[in-house]
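# Per-entry structural report
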Amino acid sequence: MGEKSVIASMSGEVILSIDDLQDAGSKKLPTSAREFFNSGATAQQTLHENSSAFDKYRMRPRVLKNVSQASTRTTVLGKSIAFPLCISPAGLQGMAHPEGELATSRACAVKNIHMGISSFANYSVEEIVSAGLETGPMTYVMQLYTMKDRALQERIIKRAEKAGCVAIFLTADSPVLGVRYNEWRNDFRTPTGLEFPMIERTTEQLQAQTHDSSFLTLNSDSHSWAEEIPWLRERTKMQIYIKGVLTAEDVLLAREYGCDGVIVSNHGGRQLDGSPATIDVLAECVEAAAGKIKVHVDGGFRNGADIFKAIALGAECCWIGRPAIWGLAYDGQKGVEKAIEILYDEFRRCMMLTGCKSVSEISKASIGLARVDGPLARL
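All of these numbers come straight from a predicted model, not from anything done at the bench.

## Comments concerning the packing of helix α6 (residues 150-163) against helix α10 (residues 225-233)
Interaxial distance between α6 and α10 falls to 12 Å at its minimum, and their mutual angle equals 45°. Here α6 is positioned oblique relative to α10, judged by the angle of their axes. Crossing of α6 over α10 shows right-handed handedness. Contacts between α6 and α10 involve Arg150, Gln153, Glu154 and Ile157 on the former and, on the latter, Glu227, Glu228, Trp231 and Leu232. Of the residues in the contact of α6 with α10, the class split is three nonpolar, one polar and four charged.

The structure is reproduced here in structure tokens:
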């Protein structure tokens, strides 16, 4: 990705942090789109705690360490990437920028990180993959729900595999959508002109239903471990990750049913409000995985230090959704690149200031837990 500073490469409007990007990007979005992307479920407790929970974890700097050759590179999904961060499969990116997922795909290729493609993408998997590969080498995963129409679900799987996706991210936390007041108040519907080509829905069909009612007609609430994983295994050679895991019990089930990994996630605080922040359950999920399956995490990452803390707690990779959306709204592909650059620069500096020369050197010894009685607790 290069070692130049984000600050040194800055010009025009001052965008130094993801918070700056959130402010700048959000201003360019219509109210309904801004509230759709930025809001969570019910009282939004989980949405806010996803980010604030990181504050209790503190760095343990090391001094007089030679970090002149520090490398942020790591291997995720069998491919080397610039640093342990990828872009989550967020839907409706065409609502943030006309080029939507195409711009995000190109940005990921430029910055050498992986991308997740949502079933609710506004471009097809073929178009998104092609856009990235025209820019540079890329790796993709396909997000999937359990659908009432199994033939449709199978078509998505086949298209994703043929396009070159290496994994399925099965979103398992959504038998129904969470209680989202802003969407209901705004009678939120997919804007005119946008389609969902992967689930084969036209703009006319989408305009006829609210987002919530459209999801209910598509998604199956009868999903189960015993049915879903064998069904997927029979139909694809792609890796299978379960997205939406928050407990050790579900990690153990993922191991039992032969999944390749889990994504510790609460759907960006958009499902069950009051669910724990993902960083606070990451350690128990890593312990339950016991090195047998991969553990990734998303939710609330707003700076490079957050990524560092998650890696220290045992995650292999972190995924971001909203920061990419804000970048997209701010300046399309260049805005997404800016988000990645900011997080990369901050993460690299965290590594160097804690004396870590490689991602593999980041461990629980690199962080501590702030206690109310003062002394920093070792992990």
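## Side note on a nonpolar patch on the surface
The grouping of Val179, Tyr181 and Trp184 at the surface amounts to a nonpolar patch, some 280 Å² of accessible area in total. Take Val179: it is sitting in the loop between β7 (167-171) and α7 (181-185).

## Things to note about the pairing of β7
Across the five residues that make up β7, a large majority, five, are buried. Burial of β7 is two-sided: the residues Ala167, Phe169 and Thr171 facing one way and the residues Ile168 and Leu170 facing the other way are all buried. Examined bridge by bridge, strand β6 (residues 140-144) and β7 share four bridges and lie parallel to one another. Paired with Val141 across the two strands is Ala167, which belongs to β7. Once you follow β6 into α6 and on to β7, the crossover reads as right-handed. In this structure, β7 lies alongside strand β8 (residues 239-245), joined through five bridges in parallel fashion. Across the sheet, residue Ala167 finds its bridge partner in β8, namely Gln239.

## Concerning the packing of aromatic side chains
In total, this model carries 14 aromatic pairs according to the counting rule given. Each ring, one from Phe36 and one from Phe37, has its centre 5.6 Å from the other, and the planes form 70°; the classification is edge-to-face. Each member of the pair, Phe36 together with Phe37, is buried. Aromatic pair Tyr181 and Trp184: ring centres 6.4 Å apart, planes at 75°, arrangement edge-to-face. Taken together, the residues Tyr181 and Trp184, both in helix α7 and three residues apart, mark about one turn of the helix.

The rules we used
- Residues numbered from 1 in each chain as written.
- Predicted model: local features only at pLDDT ≥ 70, side-chain atom pairs only at ≥ 80, totals over all residues.
- Heavy atoms only, no water.
- Axes fitted to C-alpha atoms, helices over the stretch in contact; angles between N-to-C directions.
- Helix = DSSP H or I, 4+ residues; strand = E, 2+ residues; numbered from the N terminus.
- Parallel < 35°, antiparallel > 145°, perpendicular 65-115°, else oblique.
- Left-handed = near helix turned anticlockwise from the far one by under 90°.
- Contact = heavy atoms within 4.5 Å.
- Nonpolar A, V, L, I, M, F, W, Y, C, P; charged D, E, K, R; others polar.
- Patch = residues over 30% accessible without salt bridge, like charges linked within 9 Å, V, L, I, M, F, W, Y side chains within 5 Å.
- Areas by Shrake-Rupley, 256 points an atom, 1.4 Å probe, with all protein chains shown as cover.
- Salt bridge = Lys/Arg side-chain N within 4 Å of Asp/Glu carboxyl O.
- Buried < 20%, exposed > 50% of the residue type's maximum accessible area, 1.4 Å probe, protein only.
- Pairing = 2+ DSSP bridges.
- Right-handed = clockwise from strand over helix to strand, strands pointing away.
- Phe/Tyr/Trp six-rings, centres within 6.5 Å; stacked < 30°, edge-to-face > 60°.

Read these as spatial facts, not as claims about activity.
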